[in-house]
Amino acid sequence: MRNDYQHITVTPISGALGAEIGNVDLAADNPESVYDEINRALLENQVIFFRDQDITPKQHLAFAKRWGDLHQHPFMKGMDEFPDILEIKKTPSDKRNFGGGWHSDQMFAPKPAMGTILYAKETPTHGGDTMFANMYLAYDALSDGMKAMIGNMKAVSSGDNFKAAGGKTRKEVAGDNKSMTVLDPSPTEKTINAHPVVRIHPETGRKALYTGGHWRYFEDLTEGESEPLIDFLREHSTRPEFTCRFRWEDGSIAFWDNRCTQHFAIDDYPGQTRIMHRITVCGDEPF
Ligand code: SIN
């Protein structure tokens, strides 16, 4: 990896993925060459982090739109004034957080999210970190036999995956977190879809394992037949050496590439409040 950036600084935070970006104020009117470097840093590090940012919802939206159209979560209600922004909120009275399992955003959609830009508004004094895992490394570490076996398989993912949520539907889980509103998706929205188990990143051309908590079963296999391989691939994909962990402060921003990562919001801050603003950018159909 070259570190010949002209405008920004790029400091890796682990051996697997993730880098902190310095020397940029996302509220400023930066030249295009700064955003080109940010895009390069994202592709090279899979997830990038900014500290001490102070941006308005409109600036957050404008930054996200540089990477594509914005995606509204089919099951979660966005902010009244800014429906493209999902407020992720947990207060002391909520029993459960949002995103507390390994997943890649909207892998249940026909065209899952390309990227997610999460902005920390209010963070706990400690706890509430987010973990990320590098799905290129997870794929590369598989045996040749496993790569051959899964190379042409597809997995079916579901947006309302009660299996991954301890047997509960999203509506039931919503009862554990009253700070966020779960919607019934529009009847025309497809929230159960099959995608390749191994996907090719459309920009880097690299192969990545495309797994996460939304997986239900493999196409042409039953749930029972699929379960052992799903369990293996999920566990394998989040081995510690494929991961990094980000400690949030108010004003931090994480921008991750869902095409080659998974993430996990850690729910370890009882009695404290955590508020984040999330925007997801539309992606392509995985191939
Ligand atoms: C998410 O899954 O998008 C939530 C991540 C977080 O709150 O850290």
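Quick note: structure is the one above.
Quantities reported herein were computed from a predicted structural model and do not represent experimental measurements.

1. Quick word on the sheet that holds strand β9 (residues 192-196)
Link 1 in the chain: Read across the sheet, three strands follow the order β9-β8-β12 without closing on themselves; strand pairing throughout is antiparallel. Both edges of this open sheet fall to β9 and β12 (215-218), since each of them pairs with a single strand only. Taking the axes of each pair of neighbouring strands and ignoring which way they run, one obtains an average angle of 30 degrees across the sheet.
Link 2 in the chain: Sheet topology note: the strand β8 (residues 154-158)/β12 ladder contains three bridges and is antiparallel. Each bridged residue has a counterpart across the sheet, and for Val156 the counterpart in β12 is Tyr217.

2. Observations concerning the site of the ligand
Link 1 in the chain: The full set of residues close to the ligand is Ile88, Phe98, Gly99, His103, Leu118, Thr130, Trp256, His263, Ala265, Arg274 and Arg278.
Link 2 in the chain: In this structure, Thr130 approaches the ligand through a side-chain N or O atom, which is 2.5 Å from an oxygen atom.
Link 3 in the chain: Its free accessible area being 260 Å², the ligand has 100% of it covered by the protein chains.
Link 4 in the chain: More than half of the atoms belonging to the ligand lie within 2 Å of the grid points that define the largest cavity.
Link 5 in the chain: Secondary structure elements with two or more residues in the shell around the ligand: β15 (261-265) and β16 (274-281).

3. Points about the packing of aromatic side chains
Link 1 in the chain: In total, this model carries twelve aromatic pairs according to the counting rule given.
Link 2 in the chain: A centroid spacing of 4.1 Å and a plane angle of 10 degrees characterise the contact between Phe49 and Phe246, whose relative ring orientation is stacked. You can see Phe49 sitting in strand β3 (residues 47-50) and its partner Phe246 sitting in strand β13 (residues 243-246), a full 197 residues away along the chain.
Link 3 in the chain: Ring-pair connections join several aromatic residues into one group, and the members of that group are Tyr35, Phe50, Phe63, Trp67 and Phe255.
Link 4 in the chain: Positioned above the aromatic ring of Tyr5, the side-chain terminus of Arg40 is 4.0 Å from the ring centre.

4. Looking at the sheet that holds β15
Link 1 in the chain: Judged by pairing direction, the sheet is antiparallel, and its three strands sit side by side in the order β13-β7-β15 without closing on themselves. Looking at the sheet topology across the chains shown, the edges are occupied by β13 and β15. Taken pair by pair, the neighbouring strands of this sheet meet at an average axis angle of 20 degrees, ignoring direction.

5. Observations regarding the pattern of salt bridges
Link 1 in the chain: In the structure shown here, the tally under the stated rule is 14 salt bridges.
Link 2 in the chain: Ionic pairing is found between Asp140 and Arg206, a salt bridge with its closest N-O pair at 3.6 Å. In this pair, Asp140 sits in helix α3 (residues 135-140) while Arg206 sits in the loop between β10 (198-200) and β11 (207-209), placing the two residues 66 residues apart along the sequence.
Link 3 in the chain: On the basis of relative accessible area, Asp140 is assigned to the partly exposed category, the value being 41%.
Link 4 in the chain: Classification of Arg206 by relative accessible area gives partly exposed; the value is 38%.

6. Focus: the nonpolar core
Link 1 in the chain: Core analysis: the biggest nonpolar cluster contains 29 residues, and Ile8, Ile38, Phe50 and Phe63 have the highest contact counts within it.
Link 2 in the chain: Secondary structure elements with two or more residues in this core: β2 (19-22), α1 (32-45), β3, α2 (57-65), β6 (115-122), β14 (253-257) and β16.
Link 3 in the chain: Tyr136, Trp215, Phe218 and Ile230 belong to the second-largest nonpolar core, a separate cluster that totals 24 residues.

7. Comments concerning the environment of Pro112
Link 1 in the chain: Tracing the chain through its elements places Pro112 in the loop between β5 (86-90) and β6.
Link 2 in the chain: Given a relative accessible area of 3%, Pro112 falls into the buried group.
Link 3 in the chain: Separated by 75 residues in the primary sequence, Pro112 and Glu37 have C-alpha atoms spaced 24 Å apart.
Link 4 in the chain: Not counting residues within four places of it along the chain, the set of residues in contact with Pro112 comprises Asp105, Gln106, Met107, His195, Tyr210, Cys282, Gly283, Asp284 and Pro286.

8. Section: the pairing of strand β1 (residues 9-12)
Link 1 in the chain: Of the strand pairs in this sheet, β1 and β2 are connected by four bridges, and their pairing is antiparallel. Looking across to β2, one finds that Thr9 is bridged to Gly22.
Link 2 in the chain: Hairpin connection, β1 to β2: the antiparallel pair is bridged by six residues, and Gly18 has positive phi, about 95 degrees.

9. Considerations on empty space enclosed by the protein
Link 1 in the chain: The final tally for this structure, using the stated rule, is one cavity of 30 Å³ or more.
Link 2 in the chain: Quantified by volume, the largest cavity comes out at close to 100 Å³.
Link 3 in the chain: Lining of the largest cavity is provided by Ile88, Phe98, Gly99, His103, Asp105, Leu118, Thr130, Trp256, His263, Ala265, Arg274 and Arg278.
Link 4 in the chain: Within the residue set of the lining of the largest cavity, elements represented by two or more residues are β15 and β16.
Link 5 in the chain: Along the lines of polarity and charge, the residues of the lining of the largest cavity split into five nonpolar, four polar and three charged.

Rules behind the numbers
Residues numbered from 1 in each chain as written. Predicted model: local features only at pLDDT ≥ 70, side-chain atom pairs only at ≥ 80, totals over all residues. Heavy atoms only, no water. Pairing = 2+ DSSP bridges. Helix = DSSP H or I, 4+ residues; strand = E, 2+ residues; numbered from the N terminus. Axes fitted to C-alpha atoms, helices over the stretch in contact; angles between N-to-C directions. Near = heavy atom within 4 Å. Polar contact = N/O pair within 3.5 Å; in protein donor to acceptor, adjacent residues only side chain to side chain. Areas by Shrake-Rupley, 256 points an atom, 1.4 Å probe, with all protein chains shown as cover. 1 Å grid on protein atoms, 1.4 Å probe; cavity = no way out; pocket = protein on both sides within 12 Å on 5 of 7 lines; lining within 4 Å. Sits in = over half its atoms within 2 Å of the grid points. Phe/Tyr/Trp six-rings, centres within 6.5 Å; stacked < 30°, edge-to-face > 60°. Lys NZ or Arg CZ within 6 Å of the ring centre and 35° of its normal. Salt bridge = Lys/Arg side-chain N within 4 Å of Asp/Glu carboxyl O. Buried < 20%, exposed > 50% of the residue type's maximum accessible area, 1.4 Å probe, protein only. Core = buried A, V, L, I, M, F, W, Y, C linked by side-chain atoms within 4.5 Å. Contact = heavy atoms within 4.5 Å. Points joined across faces, edges and corners; volume = space filled by probe spheres on them. Nonpolar A, V, L, I, M, F, W, Y, C, P; charged D, E, K, R; others polar.

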